[in-house]
Amino acid sequence: RAPHRGDGMSRLRTTATTGDQIATLLTTFTLTTAARELVSRFIEADQQAALPVLLAVLELEADERRARRVTRLRRASKLPPGKTFDTLDEGRLPAALVRKLRELGEGDFLADATNVLAFGLPGVGKSHALCAVGHALVDRGHSVFFTPTYSLVQELLAAKRALELPRALRKLDHFEVLLLDDLGYIQQSPEEAEVLFTLLAERYERRSILLTSNLVFGQWDRIFRDQMATAAAIDRLVHHAILLEFDVPSYRTERAKRRGHAGATTEAAR
């Protein structure tokens, strides 16, 4: 067919779009000279037709780099491998809570260093739910660190006694998200309360904390022992926070009841 005047412009637009994508990827790979020179030199050599192939290869490289990064982040996160959204029994939780958890997994709340505080009795699924959020964040390339609160407090105490607390806090600061599990189980000594408060103050308005607690705010004086310290800790956590209430029956209690019911049924059948 006779060439149409728009064909040349269309090819130029396609080349420009492909070229922009190539330059963006090369910049992401920190290949700044290649990002600046490669596309223009292909065009000068009349090799525009090769650009889509080059883009496809670079996209493959980006995908593999992303997968390797997620693998590294997941290993460093110490998240329990089985506690994901795939294994979360969402049917036991209110629909609004499930929607919120899924939304948190997208990671938008990290931009404002928002905290997420999950409250409920033991066995209601708080830890599993927040770990599922943590895994989803890792899938999106965010750095997460999971730890039982008691274990971390002991590590920080040891660092303080060795005069290395600032260094330990800087190491934790590398993680965008710190997931503290079971806040209420620390030993409640003044030294433990002090290092925990130092950690909360250090991350305030800078990095996000995800936290599970069996104790409501009114019981936190059991942890910090001092009303002013308790109020200050709560203020730092809640100032930018999303509160999640797990007001559901304990999974372990439900399972025990089912076992008991099954046993009674079997006994009656005899």
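Worth saying up front: this structure is predicted, and the values here are computed from it rather than measured.

## Observations regarding the sheet that holds strand β2 (residues 144-148)
- Strand order in the open sheet formed by five strands is β2-β3-β4-β1-β5, and the pairing between neighbours is parallel. Edge strands, defined here as strands with exactly one partner in the open sheet, are β2 and β5 (241-245). Taken pair by pair, the neighbouring strands of this sheet meet at an average axis angle of 15 degrees, ignoring direction.
- Against the sheet, helix α10 (residues 227-238) contacts β1 (115-119), β4 (208-213) and β5, and its axis sits at roughly 115 degrees relative to β1.

## A short note on the environment of Phe197
- Residue position: Phe197 is located in helix α8 (residues 190-203).
- Take Phe197: its relative accessible area is 22%, and that puts it in the partly exposed class.
- With 39 residues separating them in the primary sequence, Phe197 and Arg236 have C-alpha atoms 9.5 Å apart.
- Apart from residues lying up to four places away in sequence, Phe197 is in contact with Phe224, Ala229, Ala232, Ala233 and Arg236.

The rules behind these values
Residues numbered from 1 in each chain as written. Predicted model: local features only at pLDDT ≥ 70, side-chain atom pairs only at ≥ 80, totals over all residues. Heavy atoms only, no water. Pairing = 2+ DSSP bridges. Helix = DSSP H or I, 4+ residues; strand = E, 2+ residues; numbered from the N terminus. Axes fitted to C-alpha atoms, helices over the stretch in contact; angles between N-to-C directions. Contact = heavy atoms within 4.5 Å. Buried < 20%, exposed > 50% of the residue type's maximum accessible area, 1.4 Å probe, protein only.

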